[in-house]
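Letter by letter, the chains look like this.
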Amino acid sequence: MRKFLTVVAFMVITVALFSGYSNYGIPQIEPAPPPVEEKLDLGSMTMDQFVALGGRLFEGKGTCTLCHNSLGRAPMLDQIGANAQERLDDPRYEGAAKDVEGYLIESLVEPSAFVVAGFGKAGSNDTESPMPSTSGGGIALSEPELAAVIAFLQDNGGLEITVEIPTDIGSETEEPDAAGSGEPRPAMTSFQELSDEFACEACHTIGEEAGDLGPNLSTIGASRDRDYIRRALLAPNADLAEGFDPDMMPADLGEQLYAGELELMVDYLSKLK
Ligand code: HEC
Ligand code: HEC
């Protein structure tokens with residue numbers, strides 16, 4: 001009996017060690033939670049639901065929390081209530097906004113219209129914002145989506161909500177359903193598509209698009225091999241590029257990308273010389 005128990009204990013430990021190894025030792029690449037396009041009926045939405053939609057866009061499609069987080073790379077937006085009027089009264093303010101709502105819209109659509117002191121692109125003396133326009137480029141929020149994000153920003157910043165729920169263009173707004181319905185998303189087949197989806201160019205310069213929160217990747221293949229690049233994508237904090245801080249680069253790409261997509265990115269980047 002004793003011997004039997006020893007054998008069982010041995011087996012349990014072996015299995016535990018092995019599953020521990022495969023959980024932590026081998027990067028797991030799982031398909032992203034399936035984003036299901038859901039038609040929104042804005043016409044029947046309450047303001048609370050519209051604000052909640054804005055909150056989901058803020059964390060999801062808008063990629064706002066990549067930068068607007070507690071790491072201090074961008075102003076904290078829960079204080080926008082107090083800050084927005086100050087920006088408008090700033091002698092440096094030369095934008096077109098007349099009120100707080102206008103300032104918020106301008107901040108999202110044309111970030112360089114006014115750059116918060118100390119947050120400009122390196123060397124631009126606060127004349128150029130590192131924030132990409134969220135109405136174009138890779139983020140491309142539609143007009144109703146921008147309105148929802150502004151409602152969220154106003155609510156979250158303790159301001160009166162002044163935007164209205166658009167009623168006429170409701171069916172154009174689509175939102176990934178966080179819960180999903182089990183349908184896997186189709187795999188993306190080009191680097192550009194992947195880069196747009198994951199906002200790589202919000203932080204990195206890759207060819208023409210210029211982001212400067214992360215290292216310039218335009219010639220990354222000249223100095224880094226495929227293994228290094230793959231590790232940089234799966235475990236960004238493992239080898240930190242010199243002069244950059246940890247925890248900036250999204251850490252969950254390994255869960256978001258299909259294996260083929262990961263290799264496509266590694267391939268593309270390793271050929272940039
Ligand atoms: C790549 C990083 C980045 C992303 C992504 C980003 N921002 Fe910003 N944002 C900044 C930085 C840096 C500033 C400060 C410089 C400036 O004034 O433009 C800023 C400024 C702002 C301001 C003005 C803040 C103030 O105190 O006056 C607002 C409002 C804003 N962002 C909203 C958003 C929203 C909403 C999103 C998502 C839809 C977003 N940002 C995405 C980096 C980013
Ligand atoms: C919010 C900003 C941000 C986003 C979005 C982002 N990165 Fe990064 N990335 C960084 C920062 C900061 C570093 C440097 C620190 C580090 O090595 O983790 C980095 C490092 C890297 C490196 C290693 C560079 C080197 O020379 O060591 C690669 C490769 C890379 N990122 C690729 C990507 C790709 C591809 C995407 C899109 C799927 C992406 N990044 C999205 C900020 C970002």
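Residues numbered from 1 in each chain as written. Chains lettered and ligands numbered in written order. Predicted model: local features only at pLDDT ≥ 70, side-chain atom pairs only at ≥ 80, totals over all residues. Heavy atoms only, no water.

Description of the coordination of the iron atom of ligand 1
Argument step 1. Looking at the iron atom of ligand 1, one finds its protein donor set to be H68 (NE2) and M131 (SD), positioned 2.0 to 2.1 Å from the metal centre.
Argument step 2. Coordination at the iron atom of ligand 1 is octahedral, judged from the six donor atoms that bind it and the angles of 88 to 180° they form at the metal. Residue H68 is located in the loop between α2 (47-59) and α3 (80-89), and its partner M131 is located in the loop between α4 (100-109) and α5 (143-156); the two are separated by 63 residues in the primary sequence.
Argument step 3. Note on M131: relative accessible area 27%, which makes it partly exposed. (Donors = N, O, S within 2.8 Å, 3.2 Å for Na, K, Ca; no water. Tetrahedral: all angles 85-135°; square planar, octahedral: opposite > 155°, others 65-115°. Helix = DSSP H or I, 4+ residues; strand = E, 2+ residues; numbered from the N terminus. Buried < 20%, exposed > 50% of the residue type's maximum accessible area, 1.4 Å probe, protein only.)

Concerning the site of ligand 2
Argument step 1. Within the structure, ligand 2 sits among 27 residues, and C200, C203, H204, Y228 and M249 are positioned closest to it.
Argument step 2. Here an oxygen atom of ligand 2 sits 3.4 Å away from a polar atom, N or O, in the side chain of R224.
Argument step 3. One of the backbone nitrogen or oxygen atoms of P236 is found 2.9 Å away from an oxygen atom of ligand 2.
Argument step 4. Of all the secondary structure elements, the ones that give two or more residues to the shell around ligand 2 are α7 (200-203), α9 (226-234) and α11 (259-270). (Near = heavy atom within 4 Å. Polar contact = N/O pair within 3.5 Å; in protein donor to acceptor, adjacent residues only side chain to side chain.)

Describing the site of ligand 1
Argument step 1. Around ligand 1 lies a shell of 31 residues, among which C64, C67, H68, Y103 and M131 are the nearest.
Argument step 2. A distance of 3.5 Å separates an oxygen atom of ligand 1 from a polar atom in the backbone of P111.
Argument step 3. For the shell around ligand 1, the secondary-structure elements that each account for two or more residues are α3, α4 and α5.
Argument step 4. In terms of residues, the shell around ligand 1 owes the most to one element, α4, which gives four residues.
Argument step 5. Broken down by class, the residue content of the shell around ligand 1 amounts to 23 nonpolar, six polar and two charged. (Nonpolar A, V, L, I, M, F, W, Y, C, P; charged D, E, K, R; others polar.)

Considering the environment of I206
Argument step 1. Within the element layout of this structure, I206 appears in the loop between α7 and α8 (220-223).
Argument step 2. Spatially, the C-alpha atom of I206 lies 8.3 Å from that of T219, the residues being 13 residues apart in sequence.
Argument step 3. Every residue in contact with I206, bar those within four places of it in the chain, is listed here: F191, S195, C200, E201, L217, S218, Y268 and L272. (Contact = heavy atoms within 4.5 Å.)

Looking at the packing of α3 against α4
Argument step 1. In the contact formed by α3 and α4, the axes pass within 9 Å of each other and the chain directions differ by 90°. As far as their axial angle goes, α4 and α3 are roughly perpendicular. Along the contact surface, α3 presents I80, A84, Q85, R87 and L88, while α4 presents V100, Y103 and L104.
Argument step 2. Classifying every residue of the contact of α3 with α4 gives six nonpolar, one polar and one charged. (Axes fitted to C-alpha atoms, helices over the stretch in contact; angles between N-to-C directions. Parallel < 35°, antiparallel > 145°, perpendicular 65-115°, else oblique.)

Re the coordination of the iron atom of ligand 2
Argument step 1. Every protein donor of the iron atom of ligand 2 is listed here as H204 (NE2) and M249 (SD), and their distances to the metal cover 1.9 to 2.0 Å.
Argument step 2. Around the iron atom of ligand 2 sit six donor atoms, and with donor-metal-donor angles ranging over 88 to 179° the site reads as octahedral. A residue pair is termed long-range when its members are at least 10 positions apart, and H204 in the loop between α7 and α8 and M249 in the loop between α9 and α10 (253-256) qualify at 45 residues.
Argument step 3. For H204, a relative accessible area of 10% translates into the label buried.

Describing α5
Argument step 1. The end-to-end C-alpha distance of α5 is 20 Å, a good match for the 20 Å that 14 residues give at a rise of 1.5 Å each.
Argument step 2. Burial analysis of α5 places 11 of its 14 residues in the buried class, the great majority of the element.
Argument step 3. All of the buried residues along α5 are P144, E145, L146, A147, A148, V149, I150, A151, F152, L153 and Q154.
Argument step 4. Where α5 ends, the next residue or the one after it, G158, has phi of about 75°, a positive value. (Expected span 1.5 Å × (residues − 1).)

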